[in-house]
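What the coordinates show
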Amino acid sequence: MRSEQPKTVYLKDYRAPDYLIDETHLTFELFEDHTLVHAQLVMRRNPQAGSGLPPLVLDGQQLELLSLAVDDVPLGEGDYQQDDSHLTLQPTRSEFVIDSSVRIHPESNTALEGLYKSGGMFCTQCEAEGFRKITFYLDRPDVMSKFTTTVSAAQRDYPVLLSNGNPIASGHEEDGRHWATWQDPFRKPAYLFALVAGDLWCIEDSFRTMSGRDVALRIYVEPENIGKLQHGMDSLKKSMKWDEEVYGREYDLDIFMIVAVNDFNMGAMENKGLNIFNSSCVLAHPETATDAAHQRVEAVVAHEYFHNWSGNRVTCRDWFQLSLKEGFTVFRDAEFSADMNSRTVKRIEDVAFLRTQQFAEDAGPMAHPVRPDAYMEISNFYTLTIYEKGAEVLRMIHTLLGAEAFRQGSDLYFDRHDGQAVTCDDFIQAMEDASGVDLGQFKRWYTQSGTPRLVVEEAYDPVAHTYSLTFRQSCPPTPGQEHKQPFVIPVAMGLLDAHGHELPLRLAGEAVADGTSRVLAVTEAEQHFTFVDVAHKPLPSLLRGFSAPVKLSFPYSRDQLMFLMQHDSDGFNRWEAGQQLSVQVLQELVDQQQRDEALSLDPRLIAALRSVLADESLDAAMVAEMLSLPAEAYLAELSEVADVDAIHAAREFARAQICAELFDLLWARYQACREQSRSTPYAADAAQIARRSLQNIALSYLALAGSDEVVDVCEEQFEHADNMTERLAAMAVLVNSPFESEKATALAKFADYFKDDALVMDQWFSVQAGSPLPGGLERVEALMHHPAFTLKNPNKVRALIGAFANQNHVNFHRLDGAGYRFLADQVIALNALNPQIASRLLTPLTRWRKFDSARQALMRGELERILASGELSSDVFEVVSKSLV
Ligand code: PHE
Ligand code: ZN
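As annotated in an unreviewed UniProt entry, the protein chain is Aminopeptidase N from Geopseudomonas sagittaria. Here the protein chain is described in UniProt, under the heading Sequence similarities (unreviewed entry), as follows: "Belongs to the peptidase M1 family." According to UniProt, the comment filed for the protein chain under the heading Function (unreviewed entry) is "Aminopeptidase N is involved in the degradation of intracellular peptides generated by protein breakdown during normal growth as well as in response to nutrient starvation."

Encoded structure:
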């Protein structure tokens, strides 16, 4: 908790550190009611930061200082100054050694930052600024040091003692305690430090690197989860291989460890050689984890592993550069997942997520550039913009340079900056140097916030046989940025003739055509491209694969969209055409609903979905994606003022119509899929995952018929499925249905069977929290009292409160404001327990500008109530105060 208003930190104020820490020697003595930390720091004046000996200002928070010495001379109270976040002393030599001892209290640390206890184990989370809660230090990423760590604890309760690097010594003490020493040969910033102590079991494997070294791989968990590790281990080995093949990057230590913990603020953390994971991102077993959970594990394991190069070997100079490691690493893990699974489906999922969530962030009060220039609390900047938009920026560089030059650029970046803490500019420089491409204007993607709009017009000249596209780009104002300069927008595109064939693409002035799909670089506010040799007016396929994170509009008719759905050679754009068609049709229903007219669905949507469903040659995963109507959140994002009730009514009406009109086809495909599920043992492979998504979406439509035969198949799937993907989907269908007794039975059976499995219970909470049926808030309030629920576990908070506020629009946005009041109450409670989680939970309230004036007033009222509720953490204060301007 802060004692004064948090200060804003600016990128322009960056200065190199006055002092460096060459070696860091840590000793932890872990006890049940306190922990003692001794730190020996081998320091020297930074030759790059001026002359003389300025005061040394160490970061430190919530530390009880027990002793302090410089070069073995103990310091007394007059020899240093201390406030609630710093310790300042005056060095007298340019090289010196500091010894400090502090007492800390991991056993009562509910913020889950620094050293804390999760269940029976000790663990750490230091990114971004958690190390200062462990010992006095220069807690900034451009101070890199060699760490040696000794951990001691009671052997019976903490038989496993881990830290970064390699184990170099261990031993026993007389009183039942034991100790272990770890040494990390690589210099690293403090945010990559990790320590774990607990009663853990592990599975072990090994990986032979491309240069022939054998690396020991271990995944540690509490004993009851030992059976859920194989998928994580397989994912790790695939990641290691992929990074060698695609980026030429080899692992560098003799051992790589992952530890699963139940209480964790984020997904996982890339600590050097000792990744710490939220158990939800590493544990997976067919009976308890869905296909989506399996894929998430694969992606997060890869993401953290890839950080070993993009983040650890080459790290960030300061936290404004966060996307340097996160955007790049998300791009890397997305490409990995695309290579392991269906590339098109992966892209569809990522784009749907980006457009719903990141675009909303870019349009809200917390909008910031991929490289922000100011923050109050860095924890608030682990955002969709830094991660997902940052990854899109990397993808655009890849598109503009081509795979080969991009690889040369990444090789140069890793070689040039190995062991350094660098900036986004350094990354771009390497890409430019390797490729010869000037990325000067492109860099605006790093400095300008907001989602660009790209309006496209066409003109066909039947006499000259030319076809022109005019692109007009603009970007709406965002906080602190009224006017924007034009971006570089790569538009991958093609032209289709009346038979759906692709035309060769030759721009005016070019000697020959250059393929049938190409990338136009739109760099000006308004720009024309003219294609020649175009015998008949074509239909353009634009922004293929979503080649830039922009809002593109082209005046397609519904018939043209149906044509693209069938004929576009780009799988992503086939899906996108279907989405645009659905959006148009749903928006028409929303208008009808708002005018109190009878709803009537454009039969072309049914026709389009019928042909998709009937086409047995289409990939089942694509069929499932095509059948999924745009989410309510996406429809809200597209609206000027989001009418949540009309959007819900429109979408439900369309779903009911689809069920009524396509029942037989849906039934047949459902039965065929379920039959295969019954006769083949579960595997989390692409073909089966595709089949189950089709099966489950078909079931969700069928249930809208409300007939006995459907209830029966639902119950059959719920009871007899051999995996969580089918069981949970069947339960969700029942939960969202009017079949009260079947619903109650399923929920009770499920909870009884899985009550001891925290991750499964998270899903049980989520499914109920997301149900749009009336009374949602009351159901969530009741579930808060369920014995498996606790505000202290972030996964539980996300599963129940987060799912309610983010996915259950009609209930959360209740007109009496009770949903808002509930969320604000939880934020206030969590502010004292876990500021990072409190601040994240707030997001839906910050979007108040999207709603009608009555709701705006209610949402603002709750933000004001939070602001007035007492001592706010800097996390919550920043978000609330910025949302109210
Ligand atoms: N650096 C982690 C990742 O993206 C995320 C994280 C940030 C975890 C801060 C914990 C705290 O891989
Ligand atoms: Zn990351």
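It is worth spelling out the overall build of the protein chain at this point. Of regular secondary structure, the protein chain possesses 27 helices and 31 strands. Taking 29 Å as the expected radius of gyration for a compact globule of 885 residues, we find that the protein chain reaches 28 Å, a close match to that expectation. The principal-axis extent of the C-alpha atoms belonging to the protein chain is close to 85 × 70 × 60 Å. Split into buried and exposed, the 885 residues of the protein chain put 58% on the buried side. Total accessible area computed for the protein chain in this model is approximately 33,500 Å², and 51% of it derives from carbon and sulfur atoms. Averaging the positions of the 80 positive and the 128 negative side-chain charges in the protein chain gives two centres separated by 2 Å.

The next point concerns the sheet that holds strand 27 (residues 489–496). As summarised here, the arrangement of the 3 strands in space is 28-27-30, forming an open sheet in which the pairing is antiparallel. Looking at which strands have only one partner, the edges of the open sheet turn out to be strand 28 (518–522) and strand 30 (539–542). If you compare each strand with its neighbour and ignore which way they point, the axes differ by 40 degrees on average. For strand 27 and strand 30, the ladder comprises 4 bridges, and the chain directions are antiparallel. When the sheet's bridge partners are listed, Leu495 is paired in strand 30 with Pro540.

Attention now goes to the site of ligand 1. With respect to spatial proximity, 13 residues lie near ligand 1, and among them Glu127, Glu270, Glu304, Glu326 and Tyr387 are the closest. Between Glu270 and ligand 1, the recorded distance is 2.8 Å, taken from a side-chain N or O atom to a nitrogen atom. At 2.6 Å, a side-chain N or O of Tyr387 approaches an oxygen atom of ligand 1. Across the complex, the protein chains shield 95% of the 320 Å² of accessible surface that ligand 1 would expose by itself. Taken together, the elements giving at least two residues each to the shell around ligand 1 come down to strand 20 (268–269), helix 2 (291–306) and helix 3 (322–340). A breakdown of the residues in the shell around ligand 1 according to their chemical character gives 5 nonpolar, 3 polar and 5 charged.

What follows covers the coordination of the zinc ion (ligand 2). Here the zinc ion (ligand 2) is held by His303 (NE2), His307 (NE2), Glu326 (OE) and Glu326 (OE), and the distances to it run 1.9 to 2.8 Å. Viewed at the metal, the 6 donor atoms of the zinc ion (ligand 2) are separated by angles of 49 to 163 degrees, and the geometry they form is irregular. In the primary structure, the donors to the zinc ion (ligand 2) are separated according to the pattern H-x3-H-x18-E. Taking the relative accessible area as the measure of exposure, His307 reaches 0% and is therefore buried.

With that out of the way, let us pick up the UniProt feature "domain: Peptidase M1 alanyl aminopeptidase Ig-like fold" (unreviewed entry) in the protein chain. As annotated in UniProt, the feature "domain: Peptidase M1 alanyl aminopeptidase Ig-like fold" (unreviewed entry) corresponds to residues 450–553 in the numbering used here. From the first C-alpha to the last, residues 450–553 spans 17 Å; its make-up is 0% helix and 42% strand.

Summarising the sheet, strand 17 (residues 201–208) and strand 18 (residues 214–221) pair through 8 bridges and their orientation is antiparallel. Considered in strand 18, the bridge of Glu204 is made with Arg218. Where strand 17 folds back onto strand 18 in an antiparallel hairpin, the turn is made up of 5 residues, including Gly212, whose phi is positive at roughly 90 degrees. Chirality of the crossover, the property in question, places the unit of strand 18, helix 1 (residues 230–247) and strand 19 (residues 255–261) among those that are left-handed.

Here Ser839 lies in helix 24 (residues 835–841). By relative accessible area, Ser839 is classed as buried at 5%. Setting aside residues no more than four positions away along its own chain, Ser839 makes contact with Asn380, Asp875, Val876 and Val879.

This paragraph deals with the pattern of salt bridges. According to the stated counting rule, one finds 73 salt bridges in the structure shown. Between Asp22 and Arg44 there is a salt bridge, with the nearest N and O atoms lying 2.7 Å from each other. Of this pair, Asp22 sits in strand 2 (residues 19–30) while Arg44 sits in strand 3 (residues 35–45), and the two are 22 residues apart along the sequence. Residue Asp22 is classed as partly exposed on the basis of its relative accessible area of 31%. We classify Arg44 as partly exposed; its relative accessible area is 28%. The salt bridge partner of Glu637 is Lys551, with a shortest N-O separation of 3.3 Å. In this pair, Glu637 sits in helix 13 (residues 632–638) while Lys551 sits in strand 31 (residues 551–553), placing the two residues 86 residues apart along the sequence.

Quick look at unusual backbone geometry now. That bond from Glu127 to Ala128 is cis: its omega, -10 degrees, falls within 30 degrees of zero. In this structure, Ala128 sits in the loop between strand 11 (121–125) and strand 12 (145–154). Of note, Leu112 is a non-glycine position whose phi angle comes to about 60 degrees, a positive value. Position of Leu112 among the secondary structure elements: in the loop between strand 9 (95–104) and strand 10 (114–118). Take Leu112: its relative accessible area is 4%, and that puts it in the buried class. In this structure, Asp596 takes a positive phi of about 60 degrees despite not being glycine. As for its placement among the helices and strands, Asp596 is situated in the loop between helix 10 (571–594) and helix 11 (603–614).

Next up on the list: the domain arrangement of the protein chain. Per the domain assignment, the segments making up the protein chain are domain 1 (1–198), domain 2 (554–705) and domain 3 (755–884). Listed per partner, the contact involves 9 residues of domain 1 and 13 residues of domain 3. Carbon and sulfur atoms make up 57% of the area that domain 1 and domain 3 hide from each other, which totals about 940 Å². Inspection of the region where domain 1 meets domain 3 yields 0 salt bridges.

By secondary structure assignment, the location of Asp214 is in strand 18. Asp214 sits 182 residues away from Glu32 along the chain, and the two C-alpha atoms are 38 Å apart. Aside from chain neighbours lying at most four places away, what touches Asp214 is Phe207, Arg208 and Asp254. Of the polar contacts made by the side chain of Asp214, one reaches the side chain of Arg208; its length is 3.0 Å.

Let us look at the nonpolar core. If you look at soluble globular proteins, the nonpolar side chains tend to sit buried side by side. Residues Phe28, Ile397, Phe531 and Met731 are the most contacted members of the largest nonpolar core, which totals 281 residues. In this view, Met731 contacts Phe718, Ala746, Leu747, Phe750, Trp764 and Val767; residues no more than four positions away in its chain are not counted.

Now for the packing of helix 2 against helix 3. For any two helices packed against each other, the geometry comes down to the angle between their axes and how far apart the axes lie. Contact geometry for helix 2 and helix 3: axes closest at 9 Å, N-to-C directions at 135 degrees. Classified by the angle their axes make, helix 2 and helix 3 are oblique. Pair helix 2 / helix 3 crosses with right-handed handedness. Listed contacts from helix 3 to Glu298, Ala299, Ala302, His303 and Phe306 of helix 2 are Glu326, Thr329, Val330, Arg332, Asp333, Phe336, Ser337 and Met340.

The rules behind the values
Residues numbered from 1 in each chain as written. Chains lettered and ligands numbered in written order. Predicted model: local features only at pLDDT ≥ 70, side-chain atom pairs only at ≥ 80, totals over all residues. Heavy atoms only, no water. UniProt positions renumbered as here; feature names shortened; annotations may be inferred. Helix = DSSP H or I, 4+ residues; strand = E, 2+ residues; numbered from the N terminus. Rg over C-alpha atoms; globule rule 2.2 N^0.38 Å. Buried < 20%, exposed > 50% of the residue type's maximum accessible area, 1.4 Å probe, protein only. Areas by Shrake-Rupley, 256 points an atom, 1.4 Å probe, with all protein chains shown as cover. Lys, Arg positive; Asp, Glu negative; His and termini not counted. Charge placed at Lys NZ, Arg CZ, Asp CG, Glu CD. Pairing = 2+ DSSP bridges. Axes fitted to C-alpha atoms, helices over the stretch in contact; angles between N-to-C directions. Near = heavy atom within 4 Å. Polar contact = N/O pair within 3.5 Å; in protein donor to acceptor, adjacent residues only side chain to side chain. Nonpolar A, V, L, I, M, F, W, Y, C, P; charged D, E, K, R; others polar. Donors = N, O, S within 2.8 Å, 3.2 Å for Na, K, Ca; no water. Tetrahedral: all angles 85-135°; square planar, octahedral: opposite > 155°, others 65-115°. Right-handed = clockwise from strand over helix to strand, strands pointing away. Contact = heavy atoms within 4.5 Å. Salt bridge = Lys/Arg side-chain N within 4 Å of Asp/Glu carboxyl O. Domains from an automatic or database assignment. Buried area = accessible area lost by both parts, 1.4 Å probe. Core = buried A, V, L, I, M, F, W, Y, C linked by side-chain atoms within 4.5 Å. Parallel < 35°, antiparallel > 145°, perpendicular 65-115°, else oblique. Left-handed = near helix turned anticlockwise from the far one by under 90°.

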